[in-house]
Amino acid sequence: MTHRTFDVPVAGGALHAGEWHPDADGLPWLLVHGVTASHLAWTWVARETSDVRLVAPDLRGRGRSAPVGEPFGMAAHADDLAAVLDAAGVERALVVGHSMGAFVSAVFADRHPERAAAVVLVDGGLPLDLPPGMPPREAIRHVLGPTAARLEMRFPDAAAYRDFWRSHPAFVGREDPLLDEYFAYDLIETASGWRPATSPATVEADSLDQNTGDDIARALDRMPRPTVLLAAERGLRGELPPLYPDLARVRRDVPGLRDARRCEGTDHYSIVMSAEGAREVAVAARAVVGSL
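Every value quoted in this text rests on a predicted model; they were computed, and no experiment measured them.

## Observations regarding the nonpolar core
Ranked by internal contacts, the top residues of the largest apolar core, which has 51 residues, are L30, F108, L126, L229 and L257. For this core, the element with the highest residue contribution is helix α3 (residues 100-111), accounting for 8 residues. In this structure, F108 is in contact with L30, A78, L81, A82, L85, V95, P113, R115 and A116, ignoring residues within four places of it in sequence. By size, the runner-up hydrophobic cluster in this structure holds 42 residues, among which are L230, C263, I271 and V281.

Printed below as a string of structure tokens:
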């Protein structure tokens, strides 16, 4: 695969971005990763789409964009995406967002509808069922659980971090060089050891805005571009129920959605970070492009 990286000036610093298949013809895809991920989460999709130009940033506060701080929130990330497209020389793209990146993608399509041809939400982008009566910050920590705890940990080297992920229920038994590369990329060296690039404060700020902010509510209400949801069969730790257990209810509650369907055999991670999941994402994205 042809893969290059480039930097994009934004408020507070420079985003790091990746691009695959830069010479491919047709409508490019803008890929937006999840809350503690990086653009390398899309490597599996890149393997399935050699005929499509793919542009994918590390969102501010993540990956090699970790030094870029505030402003956080869905609108700030959405405006960063417009800057990434400008830097890549892309006028209009299919937007594919995973997890928190799906929320960002929905807001991007609302704030910059002329830049988004359509949107594919991958196991995210729509309101989650938070525990009733729980204060928003506590509810977010409840949902994120071990994800947030991991960000406080320190590791002696990349191998130790990879071993940590080997025990995660969603990754048990998965030996894949692309996973090795992805997890190694996530680390930043500190005086006390290596840590994940994303900080807990960054995750909390974005997660609060994702689930309680006006920007996502407005975007889902207006939904100006054709939008579909591809939902995983299992949750963040390979468990049942998944994040979106009732797709009939999703269709009813979000009438602007063009479609919502299940990606069988996947969890919240493998729906993009596996050959099987990436293949389904690519099929769904191609179908949307073909319908435009």
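The rest of the description comes next.
## What about the packing of helix α6 (residues 158-166) against helix α7 (residues 177-185)?
Relative to each other, α6 and α7 sit at 115 degrees, their axes nearing to 9 Å. In the packing of α6 onto α7, the handedness of the crossing is right-handed. Across the interface between the two elements, A158, Y161, R162, W165 and R166 of α6 pack against L179, D180, F183 and A184 of α7. Grouping the amino acids of the contact of α6 with α7 by side-chain chemistry returns 6 nonpolar, no polar and 3 charged.

## Comments concerning the confidence of the model for the protein chain
Confidence in the prediction of the protein chain, expressed as mean pLDDT, is 95, and 99% of residues score 70 or more. Mean pLDDT per element in the protein chain: helix α4 (residues 136-144) is the minimum at 71, and strand β3 (residues 29-32) is the maximum at 99.

## Re the packing of aromatic side chains
Scanning the entire structure with this criterion turns up 12 aromatic pairs. Aromatic pair W165 and F171: ring centres 5.4 Å apart, planes at 85 degrees, arrangement edge-to-face. The exposure class of W165 is buried, given its relative accessible area of 3%. Following the ring pairs from residue to residue traces out a cluster consisting of F155, Y161, F164, W165, F171, Y182, F183 and Y269. When the ring centre of Y185 is taken as reference, the NZ or CZ atom of R64 above it lies at 4.0 Å.

## Examining the pairing of strand β7 (residues 187-190)
Where β7 lies against strand β8 (residues 193-196), 4 bridges are found, and the strand directions are antiparallel. What sits directly across from L187, in β8, is P196. Between the end of β7 and the start of β8, which pair antiparallel, lie 2 residues.

Conventions we followed
- Residues numbered from 1 in each chain as written.
- Predicted model: local features only at pLDDT ≥ 70, side-chain atom pairs only at ≥ 80, totals over all residues.
- Heavy atoms only, no water.
- Core = buried A, V, L, I, M, F, W, Y, C linked by side-chain atoms within 4.5 Å.
- Buried < 20%, exposed > 50% of the residue type's maximum accessible area, 1.4 Å probe, protein only.
- Helix = DSSP H or I, 4+ residues; strand = E, 2+ residues; numbered from the N terminus.
- Contact = heavy atoms within 4.5 Å.
- Axes fitted to C-alpha atoms, helices over the stretch in contact; angles between N-to-C directions.
- Left-handed = near helix turned anticlockwise from the far one by under 90°.
- Nonpolar A, V, L, I, M, F, W, Y, C, P; charged D, E, K, R; others polar.
- pLDDT = per-residue confidence, 0-100.
- Phe/Tyr/Trp six-rings, centres within 6.5 Å; stacked < 30°, edge-to-face > 60°.
- Lys NZ or Arg CZ within 6 Å of the ring centre and 35° of its normal.
- Pairing = 2+ DSSP bridges.

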